[in-house]
Amino acid sequence: GNVATFKIQFPLSTAANNLNNATGTAIVTGGGCAEPTSSVLAEFIPSITGTYIGSMGPEPGQAITGAQGPATLVLTQAAANADGEYPVTGTLTFSSTLCSVSTPLTGMLQGPTFILNGSNNVVFEGLAGGVSPTVWTAGSASLYVPPGTPGCASGFYGGPLTLTP
C-alpha cells in the first residue's frame, strides 16, 4: 500500500483576540493524496469538568414565557476514546415557575460542541468554552424539554452558566 506523511508546519499563529485558535500550514507527502501545502486550523478545547452555576429561562421566540430560575450543571469529562471523542457525564438541576428538572446527563464532547442526553428525553447542548473557557453565555448553552416531561412546560431554556472555582 501507499504511505503518506502528514506534517504540520510550526509555529502556528494565534488570532489576537482568541488564544484558543491557531492557523498554519500542513504538507502531505507520499501516497495518492500528496498536497504541497494546505491551510490548517487548530482549536484548543479546555476540559469542561466542573460545576457551572447560573440561571436559565425560556429562549426568545417561543410560545412559553416566564421567569429565569437557578441552574446547576456538574460535568465530568473523561479521557479521549479511540475516536478522539471525550465521554462526559454529569447532572443538571434547573427550577423555575415553568419547569423543575433534575437529571443525570451522558454524552460526548466532539470538538467544541457537545450534546448530553438526560432522563425523559431531556437534552442539554453546549459549546465548550462558549465565549470563554469558564462561561457559557445565553445561546451557547441550551436545555430542551420535550412535551410530556413531568413538572415542565416543554420548550427550549437557556442562560449563562459560569464555572465556579
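Everything that follows concerns the structure shown earlier in this document.
None of the values given here were measured: they were computed from a predicted structure. (Residues numbered from 1 in each chain as written. Predicted model: local features only at pLDDT ≥ 70, side-chain atom pairs only at ≥ 80, totals over all residues. Heavy atoms only, no water.)

(A) Structural context of the overall build of the chain. A tally of helices and strands in the chain yields zero helices and 13 strands. Starting at the N terminus and ending at the C terminus, the chain contains elements arranged as β-β-β-β-β-β-β-β-β-β-β-β-β. For the chain, restricting intrachain contacts to residue pairs at least 6 apart in sequence, the fraction spanning at least 24 positions comes to 39%. Carbon and sulfur atoms make up 59% of the accessible area of the chain, which totals about 9100 Å². (Helix = DSSP H or I, 4+ residues; strand = E, 2+ residues; numbered from the N terminus. Contact = heavy atoms within 4.5 Å. Areas by Shrake-Rupley, 256 points an atom, 1.4 Å probe, with all protein chains shown as cover.)

(B) How the structure looks around the nonpolar core. With 24 residues, the main nonpolar core has Phe-124 and Leu-143 as its most contacted residues. For this core, the secondary structure elements donating two or more residues are strand 4 (50-58), strand 5 (69-77), strand 6 (86-95), strand 7 (100-110), strand 8 (113-117) and strand 11 (141-145). Residues contacting Leu-143, with those up to four places away along its chain left out, are Met-56, Leu-92, Phe-94, Val-101, Val-122, Val-123, Phe-124, Gly-155, Phe-156 and Tyr-157. (Core = buried A, V, L, I, M, F, W, Y, C linked by side-chain atoms within 4.5 Å. Buried < 20%, exposed > 50% of the residue type's maximum accessible area, 1.4 Å probe, protein only.)

(C) Up close: the state of the cysteines. Inspection of every chain in the model, using the stated rule, returns one disulfide. Between the sulfur atoms of Cys-99 and its disulfide mate Cys-152 the distance is 1.9 Å. Taking the torsion about the sulfur-sulfur bond, which here is approximately 70°, the covalent link between Cys-99 and Cys-152 counts as right-handed. Linking Cys-99 in the loop between strand 6 and strand 7 with Cys-152 in the loop between strand 11 and strand 12 (155-158), this pair joins segments that are 53 residues apart in sequence. Cys-99 sits in the buried class, given a relative accessible area of 1%. (Disulfide = S-S within 2.5 Å.)

(D) Molecular detail of the environment of Thr-51. Note on placement: Thr-51 falls in strand 4. Judged by relative accessible area, which is 26%, Thr-51 ranks as partly exposed.

(E) Region of the structure containing the pairing of strand 12. Pairing geometry for strand 4 and strand 12, over two bridges, is antiparallel. Looking at the pairing, Gly-57 lines up with Gly-158 of strand 12. (Pairing = 2+ DSSP bridges.)

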